[in-house]
Amino acid sequence: MAIALARLYPIVDEGLLSQNSFDVASFAEELREAGVMLLQYRNKVDGPQKVLRAADVIRGVFADVECRLILNDRADLAVIAGWDGVHVGQADLSPEDARRVVGPERWVGVSTHTEDQVRLADSGTADYIAVGPVFATGTKLDAEPVIGLTGVRLARTLTKKPIVAIGGITCENAKSVIDAGADSVAVISALIARGEPVAKVARDFLDILR
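In this text the structure is predicted, and so the values were computed from the model without any measurement. (Residues numbered from 1 in each chain as written. Predicted model: local features only at pLDDT ≥ 70, side-chain atom pairs only at ≥ 80, totals over all residues. Heavy atoms only, no water.)

(A) Structural view of the side chain of serine 111. Within the fold, serine 111 resides in strand β5 (residues 107-112). In this structure the side chain of serine 111 is engaged in a polar contact, spanning 2.7 Å, whose partner is the side chain of histidine 87. (Helix = DSSP H or I, 4+ residues; strand = E, 2+ residues; numbered from the N terminus. Polar contact = N/O pair within 3.5 Å; in protein donor to acceptor, adjacent residues only side chain to side chain.)

Have a look at this one:
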């Protein structure tokens, strides 16, 4: 199925929240206040029970507004939590296996870092393809080599599926990534790195990406 991605795709990363003394509920409320319509929750540090508790909190925050909720890695937990989809990396379930778990209605996204991976994702069942890191990022210690705007442009020639660009994206460079062919930008640390309320930073991104 063809999907339409919101231009801004915040990733709520549990490790980063802890480092910056945020709790999931208040962070989600800031994103809701800004008018975010798509987000991903990523938790690489806790077990399934804590992931599900956080997922329940986030779903509660967005209960009466339109926002698509995507869980990182865990297709099974996305179903249990009643979320709208799952995002998998190259070391996780394949998009095809994730699709078997979540069914035809939920979204499946996949991370890619090379031309071959984009081609494979294009031929598979993923609804959207993430490409990156576009710029250098400190969020992932095992980050793949930077692809730059050239990599985004190349990915755009390889697939008609929606592209999410990720890695080192800030308010200053976000528009250039969209101009290079991305449909959406995933933002993680830039949401909390400017010493301003998260809601204001998210609104700044939304204004830039209109």
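That shown, we press on.
(B) Representation of the nonpolar core. Grouped together as the largest cluster of nonpolar side chains are 72 residues, with contacts concentrated most on Leu31, Leu39 and Phe205. If we skip the residues at most four places from it in the chain, leucine 39 touches Tyr9, Pro10, Val12, Leu31, Ile58, Phe62, Cys67, Arg68, Leu69, Ile70 and Trp83. (Core = buried A, V, L, I, M, F, W, Y, C linked by side-chain atoms within 4.5 Å. Buried < 20%, exposed > 50% of the residue type's maximum accessible area, 1.4 Å probe, protein only. Contact = heavy atoms within 4.5 Å.)

(C) The arrangement of the packing of aromatic side chains in detail. Within this structure, the stated rule accounts for two aromatic pairs. Between phenylalanine 22 and phenylalanine 27 the ring centres are 5.3 Å apart and the planes differ by 80°, which places this aromatic pair in the edge-to-face class. With a relative accessible area of 27%, phenylalanine 22 lands in the partly exposed category. Positioned above the aromatic ring of tryptophan 107 is the side chain of arginine 68, whose terminal nitrogen or guanidinium carbon lies 4.1 Å from the ring centre. (Phe/Tyr/Trp six-rings, centres within 6.5 Å; stacked < 30°, edge-to-face > 60°. Lys NZ or Arg CZ within 6 Å of the ring centre and 35° of its normal.)

(D) Spotlight on the pattern of salt bridges. For the structure shown, the criterion picks out 14 salt bridges. The salt bridge partner of aspartate 76 is arginine 74, with a shortest N-O separation of 2.9 Å. Residues glutamate 196 and lysine 200 are paired through a salt bridge, measuring 3.9 Å at the closest nitrogen-oxygen approach. When its relative accessible area of 30% is taken as the criterion, glutamate 196 is described as partly exposed. For lysine 200, a relative accessible area of 33% translates into the label partly exposed. Look at the salt bridges and you will find they share partners, linking Glu196, Lys200 and Asp204 into a network. (Salt bridge = Lys/Arg side-chain N within 4 Å of Asp/Glu carboxyl O.)

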